[in-house]
Amino acid sequence: MIQSWPDHLLLVGCGNMAGQMLSRWLDCGLDPARVTVLRPSGRPVADGVAVVTDYPDALPAGTTVLLGMKPYQIAAVAAALAPLCAADTRIVSILAGTTLADLRARFSAARDIVRAMPNLPVGLGEGVTALFTDAATATQAKADVAALIEPLGLVEWIADEALFNQVTALSGCGPAFLFRFIDALARAGEAIGIPADQAARMALATVQGSADMAARAADSPGVLADKVASPGGMTREGLNVLDADDRLLALLTDTLAAARDRGEAMARGA
Ligand SMILES: NC(=O)C1=CN([C@@H]2O[C@H](COP(=O)(O)OP(=O)(O)OC[C@H]3O[C@@H](n4cnc5c(N)ncnc54)[C@H](O)[C@@H]3O)[C@@H](O)[C@H]2O)C=CC1
Ligand SMILES: O=C(O)[C@@H]1CCC=N1
């Protein structure tokens with residue numbers, strides 16, 4: 001695929017998440033001269049990328065703005081940024097729990113506004129990004145934003161914004177839950193007697209290899225689990241613990257529901 005990049009990309013905030021997105025875009029050939037980062041610290045981001053600590057007097061025509069600061073900063077950012085926006089300014093927001101209606105109210109001049117929910121592995125091109133927009137956004141803008149996000153990994157358009165907090169809980173927050181799982185697997189190994197450093201290496205490699213295998217396999221993860229479990233063997237005994245009363249499923253459902261609920265509270269301004 002021939003990547004067509006925005007002529008001008010303004011990142012408002014460039015911390016953990018937006019930083020990973022930008023890193024991947026630069027790795028994939030985005031010309032750093034097209035990028036401006038606005039960050040209060042003024043710290044350099046990458047060779048050739050302009051960093052500013054305040055808003056420019058004007059935005060070049062057709063600028064794509066990535067809102068990458070914290071959600072609670074939206075009021076202050078919009079107060080300064082919205083007057084610079086025109087109909088051809090494209091807004092891509094990665095702010096958790098900030099609705100499209102809220103963004104449209106704050107950036108009323110901009111026609112094309114897309115919510116994006118990436119996750120941290122986008123820096124490797126192995127992330128997941130959920131996208132949502134409404135009918136007011138032009139078809140070409142949708143295609144251009146999708147093309148921008150495509151090098152980051154899996155792209156999923158979400159048909160109903162009511163599901164956006166749910167997908168944020170699953171894939172946006174998901175890496176943190178997986179990191180916890182890897183850590184817990186290692187610590188459990190240590191608890192049954194494996195040296196800590198060895199358990200950590202083995203837990204990580206087991207998760208990595210299993211995820212790679214699941215991604216390539218024709219079988220579902222549920223079927224693959226059964227293939228590991230020899231009848232009457234060790235794995236079945238372990239699975240019986242995870243499966244009792246749907247323990248693992250219940251734990252993960254509670255985990256995602258708590259994250260989802262926080263997104264809904266954030267949307268209410270809590
Ligand atoms: N960390 C993650 O895994 C994910 C984060 N997000 C979203 O990404 C956004 C940023 O989160 P992180 O990168 O984790 O936070 P972060 O704290 O690492 O980055 C926020 C950045 O915003 C900058 N900033 C602070 N005040 C600002 C202002 N007034 N104007 C412009 N920039 C300002 C900070 O200097 C910092 O670099 C949040 O809205 C979050 O919901 C979305 C998906 C995943
Ligand atoms: O914790 C948060 O609110 C953000 C959204 C997804 C990942 N980090």
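Residues numbered from 1 in each chain as written. Chains lettered and ligands numbered in written order. Predicted model: local features only at pLDDT ≥ 70, side-chain atom pairs only at ≥ 80, totals over all residues. Heavy atoms only, no water.

Quick look at the UniProt feature "domain: Pyrroline-5-carboxylate reductase dimerisation" (unreviewed entry) in the chain now. Mapped onto this structure's residue numbering, the UniProt feature "domain: Pyrroline-5-carboxylate reductase dimerisation" (unreviewed entry) falls at residues 161-265. Across residues 161-265, the secondary structure splits into 81% helix and 0% strand, with the terminal C-alpha atoms separated by 15 Å. (UniProt positions renumbered as here; feature names shortened; annotations may be inferred. Helix = DSSP H or I, 4+ residues; strand = E, 2+ residues; numbered from the N terminus.)

Tracing the sequence through the fold places threonine 63 in the loop between strand 3 (50-52) and strand 4 (64-67). Engagement of the side chain of threonine 63 in a polar contact is seen with the backbone oxygen of proline 60, the distance being 2.5 Å. (Polar contact = N/O pair within 3.5 Å; in protein donor to acceptor, adjacent residues only side chain to side chain.)

Turning our eyes to something else, we now look at the pattern of salt bridges. Under the criterion given, the structure shown has 12 salt bridges. As a salt-bridge pair, arginine 106 and aspartate 102 come within 2.8 Å of each other at their nearest N and O atoms. In this pair, arginine 106 and aspartate 102 are both assigned in helix 3 (residues 100-106), 4 residues apart and thus about one turn of the helix distant. Residue arginine 106 is classed as partly exposed on the basis of its relative accessible area of 30%. Members of the salt-bridge network, linked through shared partners, are Arg90, Arg111, Asp112 and Asp144. (Salt bridge = Lys/Arg side-chain N within 4 Å of Asp/Glu carboxyl O. Buried < 20%, exposed > 50% of the residue type's maximum accessible area, 1.4 Å probe, protein only.)

Inspection of the region around ligand 2 gives Ala96, Thr168, Gly172 and Cys173 as its neighbouring residues. In isolation ligand 2 exposes 250 Å². Once the protein is present, 49% of that is buried. Classifying every residue of the shell around ligand 2 by side-chain character gives 2 nonpolar, 2 polar and no charged. (Near = heavy atom within 4 Å. Areas by Shrake-Rupley, 256 points an atom, 1.4 Å probe, with all protein chains shown as cover. Nonpolar A, V, L, I, M, F, W, Y, C, P; charged D, E, K, R; others polar.)

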